[in-house]
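Remarks on the overall topology
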Amino acid sequence: MPASAGNLDRMRRDLASAARALKDADSVRIVTHIDADGISAGAIADMTAERLGIERTVCFEKKITEEVVKEVNGRREDLVWICDLGSGYLSEFDRDSLIITDHHVPDPRWMKSQTVLDSFSGMHHLNPHTYGMDGTTEVCGAGMTYLLSKECDPSNSDMAYLAVVGAVGDFQDSAASALVGLNRTILQDAVANGDVVVEEDLRFFGRETRPLNQYLQFSSDPRIPGLSENAQGCLEFLDSLGIRGKSNGRWRVWNDLSRDEKDRAIERILDMADPSDRQRAHGEMYLLPNMPRGTGLRDAKEFATILNSSGRYDDADTGLRICRGDMTALQDADRNRAEHRRHISSAMSYIKDNHLLRQRRFIQWFDAGSEVKETVVGIVAGMVLSSGECVRNIPIIAFADSDDGVKVSARADRSLVDKGLDLSSVMKTAAELVGGYGGGHTVAAGATIPPDKKEEFLDIVEDIVSSQVD
Ligand SMILES: [Mn+2]
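The structure presented is a predicted model; accordingly, all values stated were derived computationally and were not measured. (Residues numbered from 1 in each chain as written. Predicted model: local features only at pLDDT ≥ 70, side-chain atom pairs only at ≥ 80, totals over all residues. Heavy atoms only, no water.)

**Let's talk about the overall build of the chain**
A tally of helices and strands in the chain yields 18 helices and 15 strands. Seen through its C-alpha atoms, the chain measures out along the principal axes to roughly 65 × 55 × 40 Å. When the 470 residues of the chain are sorted by exposure, 53% land in the buried category. Surface summary for the chain: the accessible area is close to 20,500 Å², and the carbon and sulfur share equals 48%. Taken as two groups, the 55 positive and 76 negative side-chain charges of the chain have centres that lie 3 Å from each other. (Helix = DSSP H or I, 4+ residues; strand = E, 2+ residues; numbered from the N terminus. Buried < 20%, exposed > 50% of the residue type's maximum accessible area, 1.4 Å probe, protein only. Areas by Shrake-Rupley, 256 points an atom, 1.4 Å probe, with all protein chains shown as cover. Lys, Arg positive; Asp, Glu negative; His and termini not counted. Charge placed at Lys NZ, Arg CZ, Asp CG, Glu CD.)

**Here's the deal with the pattern of salt bridges**
In this structure the tally under the stated criterion is 37 salt bridges. In this structure, the salt-bridge partner of Lys63 is Asp404, at a minimum N-O distance of 2.8 Å. A residue pair is termed long-range when its members are at least 10 positions apart, and Lys63 in the loop between strand 2 (55–61) and helix 3 (66–74) and Asp404 in the loop between strand 12 (396–402) and strand 13 (405–411) qualify at 341 residues. For Lys63, a relative accessible area of 27% corresponds to the partly exposed category. One salt bridge in this structure joins Glu284 and Arg184, with 2.8 Å as the shortest N-O distance. Of this pair, Glu284 sits in strand 9 (residues 282–287) while Arg184 sits in helix 7 (residues 182–192), and the two are 100 residues apart along the sequence. (Salt bridge = Lys/Arg side-chain N within 4 Å of Asp/Glu carboxyl O.)

**A short note on the domain arrangement of the chain**
Domain annotation for the chain reports domain 1 (5–175), domain 2 (200–324) and domain 3 (354–468). Computed from C-alpha atoms alone, the centre-to-centre distance between domain 1 and domain 2 is 32 Å. Listed per partner, the contact involves 23 residues of domain 1 and 20 residues of domain 2. Summed over both sides, the interface of domain 1 with domain 2 buries roughly 1,700 Å², with 67% coming from carbon and sulfur. At the boundary of domain 1 with domain 2, the tally comes to three salt bridges. One salt bridge connects Arg324 with Glu50, and the closest N-O pair in it is separated by 3.1 Å. Within the residue set of the side of domain 1 that touches domain 2, elements represented by two or more residues are helix 2 (36–51), strand 2 and helix 6 (160–169). Considering each element in turn, the side of domain 1 that touches domain 2 owes the most residues, eight residues, to helix 2. (Domains from an automatic or database assignment. Contact = heavy atoms within 4.5 Å. Buried area = accessible area lost by both parts, 1.4 Å probe.)

**A short note on the sheet that holds strand 1 (residues 27–33)**
What the five strands build is an open sheet, ordered 2-1-3-4-5; its pairing is parallel. Since the sheet does not close on itself, it has two edges, and those belong to strand 2 and strand 5 (123–126), each with one partner. Averaged over all pairs of adjacent strands, the angle between their axes in this sheet comes to 15 degrees, without regard to strand direction. Of the strands in this sheet, strand 1, strand 2 and strand 3 (79–83) are in contact with helix 2, which crosses strand 1 at around 170 degrees. (Pairing = 2+ DSSP bridges. Axes fitted to C-alpha atoms, helices over the stretch in contact; angles between N-to-C directions.)

**A closer look at the coordination of the manganese ion**
Coordination of the manganese ion by the protein is provided by Asp37 (OD), Asp84 (OD), His103 (NE2) and Asp170 (OD), with metal-donor distances spanning 2.2 to 2.8 Å. In primary-sequence terms, the residues that donate to the manganese ion follow D-x46-D-x18-H-x66-D. Of this pair, Asp37 sits in helix 2 while His103 is found in the loop between strand 4 (98–101) and helix 4 (108–117), placing the two residues 66 residues apart along the sequence. Across the pair, His103 and Asp37 agree in class, each one buried. (Donors = N, O, S within 2.8 Å, 3.2 Å for Na, K, Ca; no water.)

**So, the sheet that holds strand 10 (residues 358–359)**
The mixed open sheet is built from six strands, whose spatial order is 10-11-12-13-15-14. Unpaired on one side and paired on the other, strand 10 and strand 14 (437–440) mark the two borders of the sheet. Alignment of strand 12 against strand 13, held across seven bridges, turns out to be antiparallel. Bridge pairing in strand 13 places Ser402 opposite Gly405.

**Details of the environment of Pro450**
Position of Pro450 relative to the elements: it lies in the loop between strand 15 (444–449) and helix 18 (454–468). Note: C-alpha distance between Pro450 and Val434 (16 residues apart in sequence) is 7.4 Å. Leave out the neighbours within four places in its chain, and Pro450 touches Val434, Gly435 and Gly436.

Here it is as C-alpha cells:
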C-alpha cells in the first residue's frame, strides 16, 4: 500500500482530530521510550503541551508491559500521550482519551477491529503503517510526534531538528544514506529554520568529537580495509595525504578538516572501501550549526548517541533536559558516556578473561549473566564480533540476565545477509518456540526467553541459521 494522496488526507484528518483532543485537555501524562527516538519524541510532546499551557508529566519506559498498560489505563489525567511505543498493544488500552504517536508495527488484533471502533473511541492512533508508509525509513516516533506538534501550532516547527535527531537515532537514514519520505519533509522544516545543515560527508560516527585518528580507526559500519582497527594504517593514511592529525598539540576532529582536505580523504577512503560498501560509507550527514562546538550536539548522529547513552543508564531525564536546551545537562550526559565506556570495556574484558565465548558449527555465543547490562549486551556482542577475538563468518549470540527472563542479542556480519541470513526471523521463530518473543533486523536482532531455555534456544537458533545460510 503506497502512501497515496488518500492516505495522506486521512493522516491529516487524524492529526487534526488528535490536535483538537490535546488542546481540549488540561492535563496530560506523556509516556515515551528510553532511546534517542523516544527521548526526542518525549521532549517534543513535553514542550508542545507546555506551550499549550497544559499541566504535564513525562515518564520513560523500556517497553510496554502489563504494568504499563494498567498504569496508562488508570491515569487520572485528561489525556495520556504515548510516544514511540504503544502501537503493538493497541487492543490492551481501554481508556477513552489516548494519543499514540508511534512507528512500530501495530497490533494485528486492533487492525481488524479498527473500522468498527475508530469513529467512537477517543483513541488517536498516529502511525505511518496505517497510512501505507514504512515505519523504519520514512518516519519515526519523534517524527509522528512532531507532525502532531506542528498541527497544534505551526510555530512548533522550531522543534523539527529534534525529529531529525530521533530519525537518525533510529537509523532511519541508514538504508538510503539519507532521510527519505516524511522524514525528508521534516528535515526541510529544520533546514528552513536554520537548525540543520545537510552535508555530503563520510557517514562514520564522531565527526564532531572523536580525535581524527580514532574517527578513522573505529570506523566499523562499513569497515575500511587498512583503516578499521589499524592505528598505524590511519596515521600513515593521514601522512600520505599531507593532512595534519594534530593542531597545537591536540588531535583535530573530522569536522576541523577543510573542504579540500575532506574531499581528498573521502576520495581515497571510498577507493579503499569494498565497492559494495561505498554507498553506506558516504552520504548525507546532518549538522546542527546552532549547537556549541565540541559538545557532540552539533552532529545529529552524535546528538542521538548522547540521548541513547542517557537512556541506557536509567537517566533518560538528562536526555530530555538536553533536548529542552538545558546545557547544564551535558555534564550529566558526559558522566553517562564515561560510565558507558567503562561498562563496555569491563564487559569486553570480562568476556575475554573468563573465556566465555563458545563456538558451535554455525553460531558462536556467550552468556554474560548479570555482568553486562541487558541494555548494552547488543553493543558488546557487536564489538566482540568485530574485535578479532572471534570468527566473523558466523553470527554471535549473547545472553544477559534481565528482569523478565534472559535478554538475547544476535549480531552478524553483513556478508552473511547476502548468503540468506535473517537474524530477525531467527530470533522471532526460535524465541517463540521456547516461550519467548523476539525480532529486529537482518544483521542485528534480539529476543527475551525464559532463563531455563538457553540451551534449547541455541539448538533451535543453530538449526535455523544453518538452513538459511548455505
Ligand atoms: Mn523509535
